[in-house]
Amino acid sequence: DTVAYSVCISACEKGHQWRQALNILSQMWQLHLQHDTVVYNSTISACEKGSQWSAALRLFAEMRWSGLLPDTTTFNALIRACGRGWQWERSLCLFSK
């Protein structure tokens, strides 16, 4: 059920468990459960808290490929992730896409 998986990803974000958040998102894909912007935002935020800027950017690309529209929360998490990884130049590119 999508809601249960979303809650788990959100808990992973709060617990700084980025690997687990990515695993749960992967399971959602395998089970053909619906993804939404909130699920991606939570997973991107989990990656940000784990200083995993490249994973956050990959999730952003996957999100866009899936046809989901990013929101302010998405961009804030990506900017923070890039900042933590000293990749602030990459965050500037987000606004040119």
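Remember, predicted model here, so these are calculated numbers, not experimental data.

K.L.:
Explain the packing of aromatic side chains to me, please; I cannot follow it from the model alone.
P.N.:
Any aromatic ring pair is given by two values, namely how distant the centres are and how the planes are angled relative to each other. Enumeration according to the criterion identifies two aromatic pairs in this entry. Note on Trp29 and Trp65: the rings are 6.5 Å apart at their centroids and 45° apart in plane angle, and the pair reads as tilted. Taken as a pair, Trp29 in helix H2 (residues 18-30) and Trp65 in helix H4 (residues 53-65) lie far apart in primary sequence, 36 residues in all. Here Trp29 falls in the partly exposed class, since its relative accessible area comes to 34%.

K.L.:
Just to check I follow, could you spell out helix H5 (residues 72-84) for this structure?
P.N.:
Every α-helix carries 3.6 residues per turn, so stepping three or four residues along brings you back to the same face. Counted at 1.5 Å a residue, the expected span for H5 with its 13 residues is 18 Å, and the 18 Å between its end C-alpha atoms agrees. All of the buried residues along H5 are Thr74, Phe75, Ala77, Leu78, Ala81 and Cys82. Buried residues of H5, viewed axially, fall in a sector of 165°; they line one side. The N-capping residue of H5, defined by a side-chain oxygen 3.1 Å from the backbone nitrogen of Thr73, is Asp71.

Definitions and cut-offs
- Residues numbered from 1 in each chain as written.
- Predicted model: local features only at pLDDT ≥ 70, side-chain atom pairs only at ≥ 80, totals over all residues.
- Heavy atoms only, no water.
- Phe/Tyr/Trp six-rings, centres within 6.5 Å; stacked < 30°, edge-to-face > 60°.
- Helix = DSSP H or I, 4+ residues; strand = E, 2+ residues; numbered from the N terminus.
- Buried < 20%, exposed > 50% of the residue type's maximum accessible area, 1.4 Å probe, protein only.
- Expected span 1.5 Å × (residues − 1).
- Arc of directions from axis to C-beta.
- Polar contact = N/O pair within 3.5 Å; in protein donor to acceptor, adjacent residues only side chain to side chain.

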